[in-house]
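Remarks on the overall topology
These are the residues of each chain, in order.
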Amino acid sequence: MSKSRNIFHTLYVLFLLLALTSCRGDGTRDIRNHYFPLRELKDGLVYEYQPVNIDSLTPAYWYYRSFFTDEGIFLTRTYYEYELLPLQLSREEVVSNGMLLHSLSLYEKDSTGKQHKVPVEVLSGNAFPFQVRDSSGVFLYKVRWTPFSDPEATITLIKNRRYVKDTAVVYEGQERDAVIFDVRELVSYDKEGVFEHQYSGREVFAEGIGLFYYEKKVAGDFEWAYLLKQRYPMSRLEAKFRKRIQQQTDDSKSTGF
């Protein structure tokens, strides 16, 4: 048997054993099916999230793609906004008890509009747990980087996820089981002193889909939320962007600017 077949056989047996323990006597549940469907994402899909109740916000586009390799199973995610330029790129790895953040990069623009890649140090990369038992468990995510715009500063993000409860959501007319996580974030900006800000939020992961809804309380009573509207291939997003650029060009010609 080849090395590749050995690895996939081992992974299959591991997943089977974990699935058999999804309803153990200690109350532990297996929620791996509520994360992104890795086999479905081998060719990549765009998840389009629309803002909820705030018309001034633009849609958020996440492109998810999975890779099944000799080294393991990975999920990449790229975050785009209105201009279809990447703002964030991450790579997660399947491990025995969940998804582990393997690498993360951010992108910043300079004064000329040129993008610069900013590497991020992963200090604790718990991206998603495969097993939960009750609301007492906390899953730690911690990263640190130096922003391109301020090379003397260091930014640290600590994110704690806590499973809250089960729920159900409706997507494209079909009801799906889902799980809710509370999220607590602490962002520290270290430059000749430390400035800290805390955020609270919530995430909903639907079975067979992955992240379905997310919200964050930013400051005071202001909060924003995004809901999954649709999923489609990257070619459709690229076509949508080209149409938008063409419309902007036509508008400029008609106004003389």
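Residues numbered from 1 in each chain as written. Predicted model: local features only at pLDDT ≥ 70, side-chain atom pairs only at ≥ 80, totals over all residues. Heavy atoms only, no water.

1. Here's the deal with the overall build of the protein
The helix and strand inventory of the protein stands at 2 helices and 14 strands. Here the protein, with 257 residues, has 39% of them falling under the buried criterion. In the protein, once contacts between residues fewer than 6 apart in sequence are set aside, the share between residues at least 24 apart is 46%. (Helix = DSSP H or I, 4+ residues; strand = E, 2+ residues; numbered from the N terminus. Buried < 20%, exposed > 50% of the residue type's maximum accessible area, 1.4 Å probe, protein only. Contact = heavy atoms within 4.5 Å.)

2. Observations concerning the nonpolar core
The biggest cluster of nonpolar side chains holds 38 residues, and the ones touching the most others in it are Phe-36, Tyr-47 and Tyr-49. Setting aside residues up to four positions removed in sequence, Tyr-47 forms contacts with Phe-36, Pro-37, Leu-41, Ala-60, Tyr-61, Trp-62, Tyr-64, Ile-209, Leu-211, Leu-228, Gln-230 and Arg-231. One finds Leu-104, Tyr-141, Trp-145 and Ile-155 within the second-largest nonpolar core, a separate group that totals 10 residues. (Core = buried A, V, L, I, M, F, W, Y, C linked by side-chain atoms within 4.5 Å.)

3. Some words on the environment of Pro-59
Positionally, Pro-59 belongs in the loop between strand 2 (45-51) and strand 3 (60-69). When the C-alpha atoms of Pro-59 and Tyr-80 are compared, they prove to be 9.1 Å apart, with 21 residues separating the residues in sequence. In this structure, Pro-59 is in contact with Tyr-49, Gln-50, Pro-51, Glu-81 and Tyr-226, ignoring residues within four places of it in sequence.

4. As for the sheet that holds strand 13 (residues 210-219)
Around the barrel, which closes on itself, the 12 strands sit in the order 2-3-4-5-6-7-9-10-11-12-13-14 with antiparallel pairing between neighbours. Across the sheet, the axes of successive neighbouring strands diverge by a mean angle of 20°, strand direction being ignored. As judged from the 6 bridges shared by strand 13 and strand 14 (residues 222-232), these two strands associate in the antiparallel manner. By the bridge assignment for strand 14, Tyr-213 is matched with Leu-227. (Pairing = 2+ DSSP bridges. Axes fitted to C-alpha atoms, helices over the stretch in contact; angles between N-to-C directions.)

5. Some details on the environment of Glu-185
Looking at the element boundaries, Glu-185 is found in strand 11 (residues 174-190). With 16 residues separating them along the chain, Glu-185 and Gly-201 place their C-alpha atoms 8.1 Å apart. In contact with Glu-185, not counting residues within four places along its chain, are Leu-157, Ile-158, Lys-159, His-197, Gln-198, Tyr-199 and Lys-216. Here Lys-216 takes part through its side chain, which lies 3.1 Å from a polar atom of the side chain of Glu-185. (Polar contact = N/O pair within 3.5 Å; in protein donor to acceptor, adjacent residues only side chain to side chain.)

6. Focus on unusual backbone geometry
The phi angle at Asn-53 is positive, at roughly 70°, despite the residue not being glycine. Here Asn-53 shows up in the loop between strand 2 and strand 3. One non-glycine residue, Glu-192, adopts positive backbone phi at about 55°. Along the chain, Glu-192 falls in the loop between strand 11 and strand 12 (194-206). Given the relative accessible area of 82%, Glu-192 is considered exposed.

7. Let's talk about the pattern of salt bridges
Within this structure, the stated rule accounts for 12 salt bridges. For Arg-32, the salt bridge is made with Asp-30, and the minimal N-O distance between the two is 3.0 Å. No difference in accessibility class separates Arg-32 from Asp-30, as the two residues are buried. Note that Lys-216 and Glu-185 form a salt bridge whose closest N and O atoms lie 3.1 Å from each other. Of the two residues, Lys-216 is situated in strand 13 and Glu-185 in strand 11; the sequence distance between them amounts to 31 residues. With relative accessibility at 10%, the residue Glu-185 sits in the buried group. Members of the salt-bridge network, linked through shared partners, are Lys-159, Glu-185 and Lys-216. (Salt bridge = Lys/Arg side-chain N within 4 Å of Asp/Glu carboxyl O.)

8. Regarding the pairing of strand 13
Note: strand 12 against strand 13, 7 bridges, orientation antiparallel. Within strand 13, the residue paired with Val-204 across the bridge is Tyr-213. Two successive antiparallel strands, strand 12 and strand 13, enclose a turn made up of 3 residues, where Gly-208 displays a positive phi of approximately 80°.

9. As for the packing of aromatic side chains
Applying the stated rule across the entire model yields 18 aromatic pairs. With a centroid separation of 4.5 Å and 25° between ring planes, the pair formed by Tyr-35 and Phe-128 is classed as stacked. Remark: Phe-128 occurs in strand 7 (residues 115-129) and Tyr-35 occurs in the loop between strand 1 (29-30) and strand 2; sequence separation between them is 93 residues. Like Phe-128, Tyr-35 is buried. Geometrically, the ring pair formed by Tyr-171 and Phe-212 is edge-to-face, given 6.3 Å between the ring centres and 85° between the ring planes. One end of the pair, Tyr-171, is in strand 10 (residues 154-171); the other, Phe-212, is in strand 13, with 41 residues separating them in the sequence. Across from the ring centre of Trp-62, 5.7 Å away, lies the NZ or CZ of Arg-77, which sits over that ring. Residue placement shows Lys-216 over the ring face of Tyr-199; its charged tip is 5.3 Å from the ring centre. (Phe/Tyr/Trp six-rings, centres within 6.5 Å; stacked < 30°, edge-to-face > 60°. Lys NZ or Arg CZ within 6 Å of the ring centre and 35° of its normal.)

These figures capture arrangement, not role.
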